[in-house]
Structure formats: C-alpha cells, structure tokens
Amino acid sequence: MADGKRMKYSVKDTVFRDMFSKKKYLIQLYNALHPEDKTITQADLEIVTLQSILLNGIYNDLGFMVRGKQLMILVEAQSTWSANIVIRALIYLMSTYQDYFNANQIQLYGSHKVEMPKPELYVIYTGDKGKHPDVLSLKDEFFPDTDCCIDAKVKMIYLQDSDDIIDQYIGFCRVCNEQVALHGRTLKAVKDIISICRDRNLLKEYLSERETEVEEIMLTLFDQEHVWNIERNNIRAAALAEGWDKGKVEGIELGVMQNKTQTVLKMFRHNMPVEDIADISELSVEEVNDILKKAMVIH
C-alpha cells in the first residue's frame, strides 16, 4: 500500500469470509436463502465457521447457527466446478457437529437420544450454470444405482435475476475475473474492481466501508505470484551472470518448481479452487492437476 504498511491476511481470509463475518451482511445472506422467514434478527445468528478442522488446515468458508439449536447452515463459495464439493461439505458438516457436541458437552455414547440442529448445505457457484445440477448429491455422484448407506445433498446457487447479496457477490466475482484478465493481479485491477462494483451497486455498502481491507485481502492473494516471479528471475539472472551453463540453471529452476509444487499443495489443502491456484502459481490448470495427481491428492 502507499504508506508501506501491510495488514496480515492468510489464504483463508477471503472477501467472502470477511463480508459474512459481519452480521448485518450475514442476515442478508440468510434472508436470500430463507425469504419466508420474516422474524429473523441478527441476534438469532451465531457464526460457527471452522478455522482448522484437520491437521492439514482444511477449513470452510462460512458456517452459522440460526436461533440457537434449530438450524445449522454451511455455505461455500466456488468458482470451479467439482463433484468433490459434496465430499468437502460432508467433512465440514461432521466437523461442525463435532464442535457443537463438544461445546455443549453432549454425550453421544449414552442411551439418551441427543438433540442436534438441522443441517443445510449450500454452494454459491460463481461460474456459469451450464448443465450443472440444482442439487449435488453424494450418492448420485459417487454411488449411483447402488444401495448406499449415506448421502449428503448440497443446494447449488447460481446467478439469478436478483439484486440480493448472493447475486451481488457473484457479480463481484465476475468483475474480478474481467479486471484481472485486463490488468493482471495488480493494485490497479483491485481498485478498478471496487470502483466498477460500486457503480453497478454490487456489494456497494460493504466495499465502501471496507475498501482498505478488501484491497489488502486481494493483494495478499496476488502477492504470491509476484514473489514467485522475482525468485525465478533473480535465480536465472544470477546464475547466468556467473557463467553457469544452461543445465545448471535448469537444475536450479527445477528447485524453484519443487517449491512451487509444495505451495500448490498447500493452497489446495486450503480449499482454493484449481483455477485460482493456476492463476496465482502461473501454471496451467492441467499442470496444477498433474501436480495434485502425482501427490495423490486427487484421482
């Protein structure tokens, strides 16, 4: 930033998580999901977003309880389609339930039937709907035509002709894609994103209130690409200046690629979409998928 100061954000500190951590925006999200509920208040909502549920740092975008123990809603934002979304949602659900049982000292090994909030799973998909389903089912996707003992269903939310906060968020994401394509992952792109979204009334209030924080969040995600470019270029320039042959330079660059591979795996474990990992790492989607397959992360 202009004053040289940088706020600390991690990969999981996204605009989505930042915005909906504020209850005045969270209640707008709930209203979009449940327009029939006319009596909800901010006091009825309790955020239970998972911060780190496994040793590898998996976390979900947003989780919140409604009216105490009545309803538990988990929401993810995704830009890349994958049937694995429903698996992740199930993991988040079970881990959130575990936290709930532990926090309320609920004993699952006794004979008394416990009470638990009803779950609802949603994914806000910022890409085009195409032929994607309205509901993503674990059984239908992974165990079709079989007698499966378990199922989980995720309601998919796509861009609609609406001005609610969900459609505004999807519109914001699309403006992001357009401006990054024009200006790269730069401060100009970020400032133009905020300006355009304000003009189009996309998250206008949030962006006006949190402009500095939004810039910092987005630039933190952009910074990794810049760091990789500097590292690669400096290593090549220094090696060639010292008269190293091409083979040695390529060997060093292989080491840089190995470091990049570790970062790709870390971003994937932080639940970043493959397309976003590719953008940040300057790899193609195919190269990212190849890294993940070789590491046996995906099949």
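One numbering rule holds for all chains: residues counted from 1, following each sequence as written. Totals for whole chains, interfaces and linings use all residues, but because this is a predicted model, local features are given only for residues with pLDDT of at least 70 and pairs of side-chain atoms are given and counted only at 80 or more. As a rule here, side-chain values come from all non-hydrogen atoms in the structure, and water together with hydrogens is ignored.

What follows covers the overall build of the protein. Note on conventions: DSSP H or I runs of at least 4 residues are helices, E runs of at least 2 residues are strands, and numbering of each starts at the N terminus. Counting its secondary structure elements, the protein contains 11 helices and 6 strands. Buried, partly exposed and exposed residues are distinguished by accessible area as a fraction of the type maximum, computed with a 1.4 Å probe on protein chains only: under 20%, between the cut-offs, and over 50%, respectively. A total of 299 residues make up the protein; the buried ones form 41% of that total. Throughout, a residue-residue contact means that at least one pair of heavy atoms, one from each residue, lies within 4.5 Å. Look at the contacts in the protein between residues 6 or more apart in sequence, and 62% of them connect residues 24 or more apart. Only carbon and sulfur atoms are counted for the fraction: they give 52% of the accessible area of the protein, which is about 16600 Å². The accessible surface values rely on the Shrake-Rupley method and a 1.4 Å probe; as for residues, cover is taken only from the protein chains in view.

Moving on, we get to the nonpolar core. Across soluble globular proteins, nonpolar side chains have a tendency to be buried as a group. Joining through side-chain atoms within 4.5 Å is the link that ties buried Ala, Val, Leu, Ile, Met, Phe, Trp, Tyr and Cys residues into a set, and such a set is a nonpolar core. Leu29, Phe64, Val75 and Phe172 are the most contacted members of the largest nonpolar core, which has 44 residues in total. Among the elements that make up this core, the one with the highest residue count is helix α5 (residues 165-183) (9 residues).

The end-to-end C-alpha distance of helix α3 (residues 85-103) is 27 Å, a good match for the 27 Å that 19 residues give at a rise of 1.5 Å each. Among all positions in α3, only Ile85, Val86, Ala89, Leu90, Tyr92, Leu93, Ser95, Thr96, Tyr97, Tyr100 and Phe101 are buried. Of the surrounding elements, those touching the buried residues of α3 are β2 (62-66), β3 (71-78), β4 (118-125), β5 (135-137), α4 (138-142) and β6 (153-157). Phi turns positive one or two residues past the end of α3, at Gln105, with a value near 50°. The span you would expect from a helix comes to 1.5 Å times its residue count less one.

Bringing the packing of α5 against helix α6 (residues 187-199) into the picture now. The relative placement of two packed helices is expressed as an angle between their axes plus a distance between the axes. Remark: α5 packs on α6, axes separated minimally by 9 Å, with the N-to-C direction vectors making an angle of 145°. As for the relative orientation of α5 and α6, their crossing is right-handed in sense. Of the residues in α6, those in contact with Phe172, Val175, Cys176, Gln179 and His183 of α5 are Lys188, Ala189, Asp192, Ile193, Ile196 and Cys197. Residues are sorted three ways: Asp, Glu, Lys and Arg are charged, Ala, Val, Leu, Ile, Met, Phe, Trp, Tyr, Cys and Pro are nonpolar, and all the rest, Gly among them, are polar. Split into classes, the residues belonging to the contact of α5 with α6 amount to 7 nonpolar, 2 polar and 2 charged. To get an axis, a line is fitted to the C-alpha atoms, and for a helix only the part in contact is used. The angle between two axes follows their N-to-C directions and goes from 0 to 180 degrees. Handedness of each helix crossing follows the sense of rotation of the near helix against the far helix: counterclockwise by less than a right angle gives left-handed, clockwise gives right-handed.

Let us now look at the sheet that holds β3. Judged by pairing direction, the sheet is mixed, and its 6 strands sit side by side in the order β1-β2-β3-β4-β6-β5 without closing on themselves. The sheet is open, and its two edges are formed by β1 (45-47) and β5, each paired on a single side. Between one strand axis and the next, the sheet turns through 30° on average, direction left out of account. Pairing between strands is defined by DSSP: at least two bridges between the two strands are required. Inspection of the sheet shows β5 paired to β6 by 3 bridges, in the antiparallel sense. Directly across from Val135, in β6, lies its bridge partner Lys155. Sheet strands touched by α5: β3, β4 and β6. Its angle to β4, the strand with the most contacts, is close to 35°.

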